[in-house]
Amino acid sequence: MRFLPLLFLLIVISAQGQTNFLKGYYISSEGDTVQGYIDYRSEQRNFKVCVFRKTIDDNPLLLYPTQIRSFVVDNTDFYEIQSYMNKKGQVYFGFFRVVLKGKLTLLRFRNLYFAKKPDGGVFQVTKGFDELDNGKLRPDYRGLGLLKANMTDCPSITSGYIETEYNANRYLGLFRKYNNCIGAPLYEPKPIVIKPHLDWGIQFSTSMVNLTMLTPLTQVKFDPTISIGGGIFASVFVPKVNEKVRLMLEATYRYYKGYQYVDLNTIKYDFFVDYSYLNVPIAVRYSFGHLFVDVGIQNQIIVNQDLRWRTEDLQQGSVYTEDQPIESFRSLSYGLLAGVGVKVKAFDHPLCALVRFSQVKSPTHPNTPTFQTLDFSLSFQLSRN
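Residues numbered from 1 in each chain as written. Predicted model: local features only at pLDDT ≥ 70, side-chain atom pairs only at ≥ 80, totals over all residues. Heavy atoms only, no water.

**What to know about the state of the cysteines**
In plain terms, the rule: Disulfides are defined as cysteine sulfur pairs within 2.5 Å. A run of DSSP states H or I qualifies as a helix once it reaches four residues; a run of E qualifies as a strand once it reaches two. Both are numbered from the N-terminal end. Categorising residues by exposure relies on relative accessible area from a 1.4 Å probe, with only protein chains included: less than 20% of the type maximum marks a residue as buried, more than 50% marks it as exposed, and the intermediate range marks it as partly exposed.
Under the criterion given, the structure shown has one disulfide. Paired through a disulfide, Cys154 and Cys181 show a sulfur-sulfur distance of 2.0 Å. The sign of the 105° torsion about the S-S bond sets the Cys154-Cys181 disulfide as right-handed. Here Cys154, found in the loop between α3 (142–150) and α4 (159–167), pairs with Cys181, found in helix α5 (residues 171–181); they are 27 residues apart in sequence, far enough to count as distant. Accessibility expressed as a relative area gives 2% for Cys154, which makes it buried. Overall, the relative accessible area of 32% leaves Cys181 in the partly exposed class.

See below:
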């Protein structure tokens, strides 16, 4: 392990992972087009702020509705600044998503749809409700009336057809038919698909394991034991989640061999515990530049085991030795884990060093074994991201 500090001093290239940032641009308040990369997120999150990078490796820049006019992701997903006040005085101010662009443009914020007229005016399409004096709600059909008033230049779209589509919440089809009817240039954004991405690699670890067990007479604490292990890992990128978050799946094989002697005056115990096992943690990893933290569930799967409990009973100067029965460990036990690590690049592949603590219990086992493990692991990602 002495070479690790030197290794990390020599490796100074930052690691780059799969990301939600796609090519795009924004229109500044002065009307200038600024090209770069934009974080592709949900409409809810995009409503408040646009997250922009000039280059893929730059630090994110937060652009608020007061700073820019609009932004576009991948030449497909359009957002523009709008402000709308409803009858109750609530103001919606932010980036509305363009669902369909034409002479009469359809916009959306959350589950609300809006129409933008050629003069730039905006009205709510989605049906609202007025609260009466007796506390009951009455449907507000202002949006329906405004749609009829703004679609009169298409003779093939009747008032009855508008009502049918409106009541069925089929706004997109209605707006598409209207703009096609009057021959207006029409643009309908296509959905962007970012697939989950999986990276994988190998890892090696050195672990210090503390094992405690309850017996009918006392609690047995085994001396800390060093265990060497190796295995594989997978790092899963989930689209539209914060790009700093990864789901980590691992499988590491280890072997434990322990012995403990307990002296209770006339009765002496010898405990022999040998077992091999797989640690299969499932963790969420959050990165802060080169640093990251892990929080998750530790799953322990026993592969082979040999448990022995021998007693020596001193009676009238004679020693009676007897092997006592001991129930095997549960095949599957689980607990919690937490860790911290650092990620760098070696030979253009991510390299991670991690310190992690986990505790696994078997509460249904009669001896209630508790496994506390302090891991130091070194992982090398074989796939390129």
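**Observations regarding the packing of α4 against α5**
Going by this rule: With axes taken as lines fitted to C-alpha atoms, and helix axes fitted only over the stretch in contact, angles between N-to-C directions fall between 0 and 180 degrees. We call two residues contacting when some pair of their heavy atoms lies within 4.5 Å. Residue classes follow a fixed rule: Ala, Val, Leu, Ile, Met, Phe, Trp, Tyr, Cys and Pro count as nonpolar, while Asp, Glu, Lys and Arg count as charged, and any other residue, Gly among them, counts as polar.
For the pair α4 and α5, interaxial distance at closest approach is 8 Å and the crossing angle is 150°. Where α4 abuts α5, its residues Tyr161, Ile162, Glu165 and Tyr166 lie against Tyr171, Leu174 and Lys177. For the contact of α4 with α5, the per-class residue count stands at five nonpolar, no polar and two charged.

**A short note on the packing of aromatic side chains**
So the rule is basically this: For Phe, Tyr and Trp, rings pair up if their centres lie within 6.5 Å, where Trp contributes its six-membered ring, and each pair is then called stacked (planes under 30 degrees apart), edge-to-face (over 60) or tilted (otherwise). Working rule: Lys NZ or Arg CZ, within 6 Å of ring centre, within 35 degrees of ring normal, means a charge sits over the ring.
Following the criterion strictly, the structure yields 24 aromatic pairs and no others. Note on Tyr92 and Phe114: the rings are 6.2 Å apart at their centroids and 70° apart in plane angle, and the pair reads as edge-to-face. Residue Tyr92 is located in strand β7 (residues 91–100), and its partner Phe114 is located in strand β9 (residues 112–116); the two are separated by 22 residues in the primary sequence. For Phe114, a relative accessible area of 0% gives the class buried. In this structure, Lys177 packs its charged tip against the face of Tyr161, placed 4.1 Å from the ring centre. Geometry around Phe272 places Arg308 over its ring, the cationic atom sitting 4.5 Å from the centre.

**A few points about the pattern of salt bridges**
Defined as follows: By convention in these notes, a salt bridge is any Lys or Arg side-chain nitrogen within 4 Å of a carboxyl oxygen on Asp or Glu.
All told, the structure shown has 16 salt bridges when counted by the stated rule. Here Asp270 makes a salt bridge to Arg310, at a shortest N to O gap of 3.4 Å. Of this pair, Asp270 sits in strand β17 (residues 267–279) while Arg310 sits in strand β19 (residues 291–315), and the two are 40 residues apart along the sequence. On the basis of relative accessibility, which here comes to 3%, the residue Asp270 falls in the buried class. For Asp294, the salt bridge identified is with Arg285, shortest N-O distance 2.8 Å.

**Re unusual backbone geometry**
The phi angle at Asp74 is positive, at roughly 60°, despite the residue not being glycine. Exposure remark for Asp74: the relative accessible area of 38% places this residue in the partly exposed category. Residues other than glycine seldom take positive phi values, yet Phe347 does so here, at roughly 55°. Position of Phe347 relative to the elements: it lies in the loop between β21 (332–346) and β22 (349–361).

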